[in-house]
Amino acid sequence: MSSPTDYVYVPHGKRVRTEKVVAHEDTNRMVSPADVATMQSEPEVTSQQNPEVPDVHEWLAYTLGTYNSNDGNGFKRYQGYFVVPTSPPTSGDVDFLFPAFEDADYTTIVQPVLQWDWGSYTDQWTYSAWWGPDSSGAYHHGPVKAADPGDTLYGYMNVDSSSGGQWYIEMQNMDKGTSSSVYSDYLTLDFTHAFTTLEVAAYNWGRCDQLPGYTTFYNQAFENFAGQSVGVNWSGIVNSNAQCDVSATASSSSETTIHTPN
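Treat the numbers as computed from the prediction; the structure is a model and nothing was measured.

> If you had to explain the packing of aromatic side chains to someone new, which residues and values would you point to?
In the structure shown here, the tally under the stated rule is 22 aromatic pairs. Between the aromatic rings of Tyr81 and Tyr218, the centroid separation amounts to 5.7 Å while the plane-to-plane angle is 20°, which identifies the pairing as stacked. In this pair, Tyr81 sits in strand β5 (residues 75-83) while Tyr218 sits in strand β15 (residues 215-224), placing the two residues 137 residues apart along the sequence. We classify Tyr81 as buried; its relative accessible area is 16%. Residue class for Tyr218 comes out partly exposed when judged on its relative accessible area of 24%. Considering the side-chain rings of Trp167 and Phe191, the 5.2 Å spacing of their centres and the 65° angle between planes classify their relative orientation as edge-to-face. One end of the pair, Trp167, is in strand β12 (residues 166-173); the other, Phe191, is in strand β14 (residues 191-201), and 24 residues separate them in sequence. Just as Trp167 is buried, Phe191 falls in that class too. Each residue in the set Tyr67, Phe75, Tyr78, Phe101, Trp167, Phe191, Phe222 and Trp234 is aromatic and connected to the rest through ring pairs, giving one cluster.

Shown next as structure tokens:
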């Protein structure tokens, strides 16, 4: 019989068996905001095939923007910043904050992620670059690095179209000088949906004190496969089960905010 420790939450609105989460080694690679990533190979630590448990959709509040061009290619590149918010006043939930791209069917996600109380990092902010699932259903993340409230994080995602669709995802902590990165498999999907998201796993809908402070994603920039800047028209969405005063708003194409009561 499986126990709760056999599963782990991943920032795609679900939990999977622990064997379905693949950690990658540190590449010690830093990128500047103007950089276009050069694809490299990166070794896997482990990956095994085990059945997933049912989805646990817990995106509490998020902004959504869809790629509205007719070229059929979707988003190619993202860069942007946000500041680590104040920690939840009370422990108990696993919280994720991130920008992300998904395909139109929401099957695959690429995302640099800030995490609260994730894995063995009890009552701590950490961050890591993520993507998944792969063809076996596994989710992949880069090295888990520490963060503190007030740290500025820089998220970056870019796909090398010439190589058949391999994504490079990175998060940098600008205050600590650390970073986490991961490379995806070769994906043939068009990533047509952009998000900035607060996801709360195992959420007690009445425990508002388990939410972090508000978070603003700013200086966000998007490009298509022609290298052209893409403006995003955001919609703010809140989970219909939310019992706390949360909202998601956009002040411009480049700035979005997740509002919480803390």
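> Tell me what's going on with the nonpolar core, and back it up with residues and numbers.
Core analysis: the biggest nonpolar cluster contains 20 residues, and Phe82, Leu114, Trp125 and Leu153 have the highest contact counts within it. Within the residue set of this core, elements represented by two or more residues are β4 (59-66), β7 (109-116), β8 (125-132) and β14. If we ignore the near neighbours within four places in the chain, the residues touching Leu153 are Gly80, Tyr81, Phe82, Val84, Leu114, Tyr127, Met171, Gln172 and Asn173. One finds Val159, Phe191, Phe222 and Val230 within the second-largest nonpolar core, a separate group that totals 19 residues.

> Run through the state of the cysteines, naming residues and quoting values.
The bond known as a disulfide is covalent and runs between the sulfur atoms of two cysteines. Counted under the stated rule, the structure contains one disulfide. The side chain of Cys208 participates in a disulfide bridge whose partner is Cys244; the two sulfur atoms lie 2.0 Å from each other. On the S-S bond that ties Cys208 to Cys244, the torsion sits near -100°, and the link is left-handed. Here Cys244 lies in the loop between β16 (235-238) and β17 (247-252) and Cys208 lies in the loop between β14 and β15, a separation of 36 residues in the sequence. Since its relative accessible area comes to 23%, Cys208 is described here as partly exposed. Residue Cys244 is classed as buried on the basis of its relative accessible area of 10%.

> Which residues make up the pattern of salt bridges, and what are the values?
Considering all chains together, one arrives at five salt bridges under this definition. With a shortest N-O distance of 2.6 Å, Asp148 and Lys176 are connected by a salt bridge. Remark: Lys176 occurs in the loop between β12 and β13 (178-186) and Asp148 occurs in the loop between β10 (145-147) and β11 (152-160); sequence separation between them is 28 residues. Here Asp148 falls in the partly exposed class, since its relative accessible area comes to 38%. In this structure, Arg207 engages Asp209 in a salt bridge whose closest nitrogen and oxygen atoms are separated by 3.0 Å. For Asp209, a relative accessible area of 26% translates into the label partly exposed. Ionic contacts of the salt-bridge type, sharing partners, join the residues Asp148, Asp151 and Lys176 into one network.

> Would you mind going over the pairing of β5 in detail, with residue names and values included?
Counting buried residues in β5 gives eight out of nine residues, a clear majority hidden from the surface. The pairing of β5 with β15 spans six bridges and is antiparallel. Considered in β15, the bridge of Phe75 is made with Asn224. With seven bridges joining them, β5 and β11 adopt antiparallel strand pairing. Each residue of the ladder has a partner; that of Arg77, found in β11, is Asn158.

Cut-off values and rules
Residues numbered from 1 in each chain as written. Predicted model: local features only at pLDDT ≥ 70, side-chain atom pairs only at ≥ 80, totals over all residues. Heavy atoms only, no water. Phe/Tyr/Trp six-rings, centres within 6.5 Å; stacked < 30°, edge-to-face > 60°. Helix = DSSP H or I, 4+ residues; strand = E, 2+ residues; numbered from the N terminus. Buried < 20%, exposed > 50% of the residue type's maximum accessible area, 1.4 Å probe, protein only. Core = buried A, V, L, I, M, F, W, Y, C linked by side-chain atoms within 4.5 Å. Contact = heavy atoms within 4.5 Å. Disulfide = S-S within 2.5 Å. Salt bridge = Lys/Arg side-chain N within 4 Å of Asp/Glu carboxyl O. Pairing = 2+ DSSP bridges.

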